[in-house]
Each structure stands twice: as structure tokens, then as C-alpha cells.
Amino acid sequence: MTGVRLHPFTLLAIAGALPALAWILPAPAGAAATLAVALVLTLTPGGRPGSAGTRLSPGWRPGLAGLRTAVLTAAPFWLFLLLLHDVPTTLSIGLRITTMVASFVWLVAALEPARLVEAMVAAGWSASIAYLLAATLSAVPVLKARAQRIVEAQRCRGLSSRGGIAARLRALRALALPLVLSALHEVDERALALETRGLVPGIHRTPLAPPPDPVVERAARWVLLLACLFALIRRLM
């Protein structure tokens, strides 16, 4: 959110509560309401280059780009649902799936992995688990930015990604191999760096700069949890 640095656990709670409520609340009204909130979140400007502020990660842009990413990612699900189900069923399931996609898009853009690691370590979590979760969240934007650099390098060498199906397949092959190899190489580098810094199971680490966790945010997380439980109990009854 603009100008606001929410605690990483608060961001996770919001991104988890919206899809949960989308599936619990009656469709299509409940799913439409949660989707509206999720789409508004994707429109919030910001960035995440590793400095102060809620910054978007490399390859992301504020504003309409987040909304476009969520809509384009969810579009194939709508197509498959429409082929398999009637319109009311497609609408109810499609709204819920789109809420999940939009919530994840916003979470990846708003959550800074370094702050998540610090928060989890401060809360007593294993540093290995914290790093694994943070690396998962940052994988999508990192791979997207790396793929863009590879495409630009291939274009400088005269390989065009436009044209017919054959040309696009050649461009895809030229993109996939360097992308996979660079990702595997980075895994080795990260493993060596983590081992050098003593990030091994069973060792407790002290966070250097744990993000502040105000009482208001802790209370808000409990409110979200209780709201999900209340909605679930009411739905079952």
C-alpha cells in the first residue's frame, strides 16, 4: 500500500484471508466482494528494490500492471471453466480463482523477502524455512526480469521472437535453455553463500533489524482469522 509498511505477517494474513473468504462466502456475491478488494490491492502503487518503503520487485510496475497481470493469469482458468461448466458455476468458481490469483500477485509485489525472513526469525521460526518461503515468493519476479534480459540479449544477436509459430518456437527454445541453466547456477551459488553464512538447520539466528509489529496490526490479523472462522461456521450451519 502506498506509504505504508505493513508487517510481513499482516501482508500474509490479508493475502490468505481474501481467498479463504472467497471460497467460504456464498457465491457469486461473496466471491465478487473479495475479488473487488483483491483487484484494488493490485492497483496500489509501490515498489520493492530493497530499500525503505513497500517496493515492487524487479520486473513489476505499479498501478495497472498488477491488475493486468492478475487478469491475464486468470483468463485461461475462465476459458476452461466455461468449457466444462455452465455459466453460474463458471462465475462462482472463476471469481474465487481470480481472487486467489490477484491476492498472490499483490503479495509478491508488496512483500519484501528480506523483511519476511527477519520477521520469521524474530518470531522463532527456523532461518532455513524463512529463507525457503522468501525465495519462493521472489522467484516469479526474479525469473521474469532474467527472462527479459535474455530476450533482449537474443534480439541483439538477431533472433526475433515475432513472426509465425516456427519463429516463436525457436525464440522459446533460445530463451528456455539459458533461463534454466542460469537458475540452476544461481541455486549452487545461493547454497554456497548460505552455507558460508552458517544458515544450517538447528542453529538459532538473531535478527538484525526485525520489522516493527504494532499492536494494531496484531489485532487486525486476529480479526481476519476470526472473520474467516465465523464465516466458515455460519456457512456450515
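Fair warning: this is a prediction, and the values are worked out from it, not measured in the lab.

The next thing to look at is the side chain of R96. Secondary-structure assignment places R96 in helix α4 (residues 87-110). Although R96 lies buried, it forms no salt bridge, and the closest oppositely charged side chain, D86, sits 11 Å away as judged by the N-O distance. Here the side chain of R96 touches L25 through a polar contact of 3.3 Å, landing on its backbone oxygen. With residues up to four places along the chain from it excluded, the contact list for R96 reads A22, W23, L25, P26, A27, A31 and R235.

In terms of nonpolar packing, the biggest core is built from 22 residues, with L11, V101, W106, L107, L111 and L116 touching the most fellow members. Among the elements of the structure, α1 (8-24), α2 (29-42), α3 (64-84), α4, α5 (113-122) and α6 (127-156) are those that each provide at least two residues to this core. Here the element with the most residues in this core is α4; it accounts for seven residues. A domain-level breakdown of this core finds at least three residues from each of domain 1 (8-112 + 232-236) and domain 2 (125-196). Look past the residues within four positions of V101 in its chain and what remains in contact with it is A70, T73 and A74. Among the nonpolar cores identified, the runner-up in size contains five residues, and A17, L21, C228 and A231 belong to it.

Bringing the environment of A227 into the picture now. Turning to its location among the elements, A227 is positioned in helix α8 (residues 215-236). Separated by 210 residues in sequence, A227 and A17 place their C-alpha atoms 8.6 Å apart.

Position of F77 relative to the elements: it lies in helix α3. For F77, a relative accessible area of 41% puts it in the partly exposed group. Linking F77 and I97, residues 20 residues apart in sequence, is a C-alpha distance of 7.8 Å.

A few words on the pattern of salt bridges. For the coordinates displayed, the defined rule picks out two salt bridges. One salt bridge connects R221 with D213, and the closest N-O pair in it is separated by 2.8 Å. Of the residues examined, R221 reaches a relative accessible area of 17% and is grouped as buried.

Here we come to a nonpolar patch on the surface. Together, L79, F80, L83 and L84 line one region of the surface with nonpolar side chains, adding up to about 490 Å² of accessible area. You can see L79 is positioned in helix α3.

A few words on α6. Given a rise of 1.5 Å per residue, 30 residues ought to cover 44 Å, and the 41 Å separating the end C-alpha atoms of α6 matches this to within 8%. A bend of about 40 degrees at A139 is the largest found in α6, and the proline P141 appears one to four places after it. What α6 keeps buried is the set A127, A130, A134, A135, L137, S138, P141, A145, R146, A147, I150 and Q154.

Where α1 meets α8, the closest approach of the two axes is 10 Å, and the angle between their N-to-C directions is 15 degrees. As far as their axial angle goes, α8 and α1 are roughly parallel. The handedness of the crossing between α1 and α8 is left-handed. Residues F9, T10, A13, I14, A17, A20, L21, W23 and I24 of α1 pack against E217, R221, L224, A227, C228, A231, L232 and R235 of α8. Each residue belonging to the contact of α1 with α8 can be placed in one class, and the counts come to 13 nonpolar, one polar and three charged.

Cut-offs applied
Residues numbered from 1 in each chain as written. Predicted model: local features only at pLDDT ≥ 70, side-chain atom pairs only at ≥ 80, totals over all residues. Heavy atoms only, no water. Helix = DSSP H or I, 4+ residues; strand = E, 2+ residues; numbered from the N terminus. Buried < 20%, exposed > 50% of the residue type's maximum accessible area, 1.4 Å probe, protein only. Lys, Arg positive; Asp, Glu negative; His and termini not counted. Salt bridge = Lys/Arg side-chain N within 4 Å of Asp/Glu carboxyl O. Polar contact = N/O pair within 3.5 Å; in protein donor to acceptor, adjacent residues only side chain to side chain. Contact = heavy atoms within 4.5 Å. Core = buried A, V, L, I, M, F, W, Y, C linked by side-chain atoms within 4.5 Å. Domains from an automatic or database assignment. Patch = residues over 30% accessible without salt bridge, like charges linked within 9 Å, V, L, I, M, F, W, Y side chains within 5 Å. Areas by Shrake-Rupley, 256 points an atom, 1.4 Å probe, with all protein chains shown as cover. Expected span 1.5 Å × (residues − 1). Bend = angle between axes of the 7 residues up to and from the residue. Axes fitted to C-alpha atoms, helices over the stretch in contact; angles between N-to-C directions. Parallel < 35°, antiparallel > 145°, perpendicular 65-115°, else oblique. Left-handed = near helix turned anticlockwise from the far one by under 90°. Nonpolar A, V, L, I, M, F, W, Y, C, P; charged D, E, K, R; others polar.

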